[in-house]
Amino acid sequence: MSALDTSSTGLQAFLSPRTVQSTLLPVMRQQASALEPTLARICSYHLGFVDDHGEPSGAEGGKLTRATLMMLAADGVGLRPEDVRCHAAALELLHNSTLIHDDIIDADELRRGRPAAWKVFGASLAILAGDALQALGLQMVVDDPGPARAEISSVFAEAIGLVLAGQAREFTVRLGPDTGIAEYDRIVEEKTSALLECALVTPALRAGKPEHVLTALRGAGRHLGLAFQIFNDVEDIWGDPAVTGKPVRSDILRRNPSCPVLVALSADSPAGERLRRLWHADGTTAAHLQEMADLVEESGGRHAAEQLSRGHLDSALEYLGRAELSPAAATELTVLFDRIVNRTADTGATSSRTS
């Protein structure tokens, strides 16, 4: 075993997926069960605690990636796990509130291998359940009596506000496939990066770290979100559905201009011109989607997106290196960043459809 392995062994043991789950799931279960009974049942179903009849279930409830980021960052600034347990659970509830709403917006019928909440309970109640998880997560943060409560509450409120703004802005992009990468980046920074920044910054606020540390952690979260979402866009077109958790080319089917598509649509080439014609057509057959995917690759969309994702991951790690975290935590976060983006291990994040 190398010296690096030795220094991080204790941290790896503490933050194994099973340990994170055993730390957070009881908190999340207790909080969800205290909601109004109908909302409690829907939220508990979505979180994997019960089946559609309200009976206990062992269903997959997500990877708790954001909570793991927060706990590692906490260790990096000298906090104990229990110092951020409430915040980590609250962040996962906020994240899951967005997933319930995303499933309705995108008409996705499956979530983590089961019928989505709106398919079981109806869209109206599912919307309310998503709202309830959002309110619950924010209330948990407000009620926590620890240091920097006001600052942390503000960070959480700002993060969920950004997620909602990004979701709304995405509809505008869908109506305008000529939108550039800058607008795409803004949406991702709101929809995806905001909660990751919240995960990394919250422990530093609780520990009273100076502004340059907070800035470094915000930068790490921002670029991590961009790297993850761009790679996720690539996987949507060319990935294995068994890994991504959603049908292949679903973004193309919906004419949602993801990063590779935006690059390809702007290409001044015969392939780019052909893609633009097909994009505006109504074709949804497998052959039509396959041709568009081939044209995106031929136009350089895939290569450009993969390069952008790698560049953002490198930037995220550069910012992480400026955050003055403990060596063991910095090492573990470096590994986790790579797993989140590249799906190289079970502890990493999965697609936004399954995480």
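Rules and cut-offs
Residues numbered from 1 in each chain as written. Predicted model: local features only at pLDDT ≥ 70, side-chain atom pairs only at ≥ 80, totals over all residues. Heavy atoms only, no water. UniProt positions renumbered as here; feature names shortened; annotations may be inferred. Core = buried A, V, L, I, M, F, W, Y, C linked by side-chain atoms within 4.5 Å. Buried < 20%, exposed > 50% of the residue type's maximum accessible area, 1.4 Å probe, protein only. Contact = heavy atoms within 4.5 Å. Salt bridge = Lys/Arg side-chain N within 4 Å of Asp/Glu carboxyl O. Helix = DSSP H or I, 4+ residues; strand = E, 2+ residues; numbered from the N terminus. Expected span 1.5 Å × (residues − 1). Bend = angle between axes of the 7 residues up to and from the residue.

The chain is annotated in an unreviewed UniProt entry as Polyprenyl synthetase family protein from Streptomyces niveus. Note on the chain: under the UniProt heading Sequence similarities (unreviewed entry), the record states "Belongs to the FPP/GGPP synthase family."

Participant: Any chance you could explain the nonpolar core here in plain terms?
Facilitator: Ranked by size, the top nonpolar core spans 78 residues in total, and within it Leu69, Phe156 and Phe337 carry the most contacts. Beyond its immediate sequence surroundings of up to four residues, phenylalanine 156 is in contact with Met70, His87, Ala90, Leu91, Leu94, Leu138, Val141, Cys198 and Thr202. Cys259, Leu262, Leu265 and Val296 belong to the second largest nonpolar core, which has 23 residues in total.

Participant: Would you take a moment to explain the pattern of salt bridges for this structure?
Facilitator: Side-chain pairs of opposite charge can arise where the charged atoms are in close proximity. Enumeration over the complete set of coordinates arrives at 15 salt bridges. Notably, a salt bridge pairs lysine 191 with glutamate 170, separated by 3.0 Å at the nearest N-O pair. Within this pair, whereas lysine 191 is found in helix 9 (residues 181–206), its partner glutamate 170 is found in helix 8 (residues 149–175), the two being separated by 21 residues in sequence. A salt bridge links glutamate 306 to arginine 302; its shortest N-O distance comes to 3.2 Å. Of the two residues, glutamate 306 and arginine 302 both sit in helix 16 (residues 301–321), four residues apart, roughly one turn of that helix. Using a relative accessible area of 21% as the deciding quantity, one classes glutamate 306 as partly exposed.

Participant: Looking at this structure, how should I read helix 9?
Facilitator: The periodicity of an α-helix, 3.6 residues per turn, causes residues three or four positions apart to be oriented the same way. Compared with the 38 Å implied by 1.5 Å per residue over 26 residues, the 35 Å span of helix 9 between its first and last C-alpha is a close match. Along helix 9, the sharpest change in direction is near 55° and occurs at serine 193. Within helix 9, 20 of the 26 residues are buried, which leaves the element mostly enclosed by the surrounding structure. Positive backbone phi, approximately 70°, marks glycine 208, located one or two places after helix 9.

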